[in-house]
Amino acid sequence: MVIQLSRNGRIWSDEDILADCTEATRLFRIRRLDESLEDYVSEFTSAETAAASLIDRLPELLRRPVDQELLGSIVGNPMLFTALRYLTAPPVSEDDLRTLLSGRVSRKAIRSSRELAEQLQFLLHQTLDPKRFSWILEDQTATPEQRRTAVIATAVAMTAQRVQANRRSEEKKDLESAVEDLLKALDYQRVPTPREPIESAEDLPQAGFYMTNATLGHDNGDCVIGLRNRKRLVLECKSSNSGINSRKRLNKEVVKDAENWRSQFGNQVMTGAVLRGVFNPRYVSNAQDTPLLIFWAHRLEDLREFITKENA
């Protein structure tokens, strides 16, 4: 692969970018096809138990006057609270629920405020899925078949969301771990990440050190590296499962952060993206032109070589 060098680091040709996007997509497919169903089955078992428990008590939850003790105990149990949110059509997110209930959603708040408990009960009644819970809306007792169908449908919806969230989290976690392992192999030492946002370049890691998940100004950087030429390299680890999603992950998130850091810290800070998964070559090329350093999870030796040359 032909590598050009400039003041800002590596510049990859369109052909190089296409080749890397193709390889990253191939590896993504392999990871998906090799996934075990064990995680899904395990998550489903927990979701099914929670859904069954909650659905059996649904008449109590909707009965007036509201049972604050019961509702509070459900909100205070993470799995039951998730199941509660998935009884609606469509499921309501925690963020949406906080907005609809003015931000107060906790066991203590429900138990101490009848008004809040009644608001949550009213919301549940108004948005309850009519397809799964027709017997509730008709004020009847569920048949065994109706109950079983409702439990399975609720558990499937809960499990699908949770498995997808775990996938995204694991992809990013694996990528960040690979970058950190590379830095350790280069004898870099990790330093604690400040609790407060870093506003001055003087507070960034010094040569030979790095920190993770640091807030630089108003934006978070996954890995901040102190190079031995006194510059700092901020790496954003991004995984994507589709070409459309890659635009958000790379061109909107990383490019925006890089622009903010250049504005605040000047040329002392370089920004790079370490990519894993499915990326549209055009978006990668556009990001590189901003400028942004591009590295790939399947060829981290490029990152090693870049750091080594910057340290020379």
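Our subject is the structure listed above.
Residues numbered from 1 in each chain as written. Predicted model: local features only at pLDDT ≥ 70, side-chain atom pairs only at ≥ 80, totals over all residues. Heavy atoms only, no water.

A.B. asks: Whenever I open this one, the state of the cysteines confuses me. Can you help?
C.D. replies: Chemically, a disulfide is nothing more than a covalent bond linking the sulfur atoms of two cysteines. Scanning all chains against the criterion turns up 0 disulfides. The thiol of Cys-21 is unpaired, and the distance to the nearest cysteine sulfur, on Cys-237, comes to 17 Å. According to the relative accessible area criterion, Cys-21 is buried, its value standing at 3%. (Disulfide = S-S within 2.5 Å. Buried < 20%, exposed > 50% of the residue type's maximum accessible area, 1.4 Å probe, protein only.)

A.B. asks: In this structure, what is going on with the nonpolar core? I would like to understand it.
C.D. replies: When a protein is soluble and globular, its nonpolar side chains tend to lie buried together. The biggest cluster of nonpolar side chains holds 39 residues, and the ones touching the most others in it are Leu-58, Leu-61, Leu-84, Leu-87, Leu-120, Leu-128 and Phe-133. Taken together, the elements giving at least two residues each to this core come down to helix H2 (38-56), helix H3 (58-62), helix H4 (68-75), helix H5 (78-85), helix H7 (107-112), helix H8 (114-127), helix H9 (134-137) and helix H10 (144-185). In terms of residues, this core owes the most to one element, H2, which gives 7 residues. If near-sequence neighbours (up to four positions away) are discounted, Phe-133 is found in contact with Ile-55, Leu-58, Leu-87, Leu-128, Ala-150 and Thr-154. The next biggest cluster of nonpolar side chains, apart from the first, holds 21 residues, and it includes Val-179, Leu-182, Leu-227 and Phe-295. (Core = buried A, V, L, I, M, F, W, Y, C linked by side-chain atoms within 4.5 Å. Helix = DSSP H or I, 4+ residues; strand = E, 2+ residues; numbered from the N terminus. Contact = heavy atoms within 4.5 Å.)

A.B. asks: Looking at this model, I keep getting lost on H8. Mind explaining?
C.D. replies: Within an α-helix, residues lying three or four positions from one another point in the same direction, as the helix has 3.6 residues per turn. In this model H8 runs 20 Å from its N-terminal to its C-terminal C-alpha over 14 residues, within 8% of the 20 Å that 1.5 Å per residue would give. Inspection of H8 places Leu-116, Ala-117, Leu-120, Gln-121, Leu-123 and Leu-124 among the buried residues, and these make up the whole buried set. Within H8, the buried residues cover an arc of 160 degrees as seen down the axis, which keeps them to one side. Turned more than 90 degrees away from the buried face of H8, the exposed residues are Glu-115 and Gln-126. In the core, the buried residues of H8 are packed alongside H3, H4, H5, helix H6 (94-100) and H7. (Expected span 1.5 Å × (residues − 1). Arc of directions from axis to C-beta.)

A.B. asks: What is the right way to look at the environment of Arg-276 in this model?
C.D. replies: Structurally, Arg-276 can be placed in strand E7 (residues 269-278). In this structure the C-alpha to C-alpha distance between Arg-276 and Glu-23, which are 253 residues apart in sequence, comes to 9.9 Å. When neighbours within four sequence positions are excluded, Arg-276 is seen to be in contact with Arg-31, Glu-171, Asp-174, Leu-175, Lys-238, Ser-239, Ser-240 and Ala-297. There is a polar contact of 3.5 Å between the side chain of Arg-276 and the backbone oxygen of Glu-171. (Polar contact = N/O pair within 3.5 Å; in protein donor to acceptor, adjacent residues only side chain to side chain.)

A.B. asks: Honestly, the sheet that holds strand E5 (residues 219-226) in this entry has me stumped. Any pointers?
C.D. replies: Where strands meet in a sheet, backbone hydrogen bonds hold them as pairs that are either parallel or antiparallel. Pairing is mixed in the open sheet, where 6 strands are placed in the order E3-E4-E5-E6-E7-E8. Looking at which strands have only one partner, the edges of the open sheet turn out to be strand E3 (189-190) and strand E8 (293-296). Sheet topology note: the strand E6 (residues 232-241)/E7 ladder contains 10 bridges and is parallel. Within the sheet, the bridge partner assigned to Asn-241 lies in E7 and is Val-278. Packing of helix H11 (residues 243-265) onto the sheet brings it into contact with strand E4 (209-216), E5, E6 and E7, and relative to E6 it is tilted by some 165 degrees. (Pairing = 2+ DSSP bridges. Axes fitted to C-alpha atoms, helices over the stretch in contact; angles between N-to-C directions.)

A.B. asks: For this particular structure, what's the right way to read the packing of H11 against helix H12 (residues 281-288)?
C.D. replies: Think of two packed helices as two axes; the pair is described by the angle between the axes and how far apart they sit. At their nearest, the axes of H11 and H12 sit 9 Å apart, and the two run at 10 degrees to each other. Judged by the inter-axis angle, H11 sits roughly parallel to H12. Counted together, Gly-243, Ser-246, Arg-247, Leu-250, Asn-251 and Val-255 of H11 and Tyr-283, Val-284, Asn-286 and Ala-287 of H12 form the full contact between these two elements. Class assignment for the residues of the contact of H11 with H12 results in 5 nonpolar, 4 polar and 1 charged. (Parallel < 35°, antiparallel > 145°, perpendicular 65-115°, else oblique. Nonpolar A, V, L, I, M, F, W, Y, C, P; charged D, E, K, R; others polar.)

A.B. asks: Looking at this structure, I do not really get the pairing of E5. What am I missing?
C.D. replies: If a strand is regular, its side chains alternate between the two faces of the sheet. Among the 8 residues of E5, 7 are classified as buried, and the element is accordingly described as predominantly covered. One ladder, built from 6 bridges, connects E4 with E5; its direction is antiparallel. Along E5, the bridge assignment pairs Leu-216 with Asp-219. If you look at the hairpin formed by E4 and E5, you'll find 2 residues sitting between the two strands, and Gly-217 has a positive phi there, around 70 degrees. Here E5 runs beside E6; their pairing, made up of 4 bridges, is antiparallel. Residue Val-224 lies in a different strand from E6, and its bridge partner there is Val-234.

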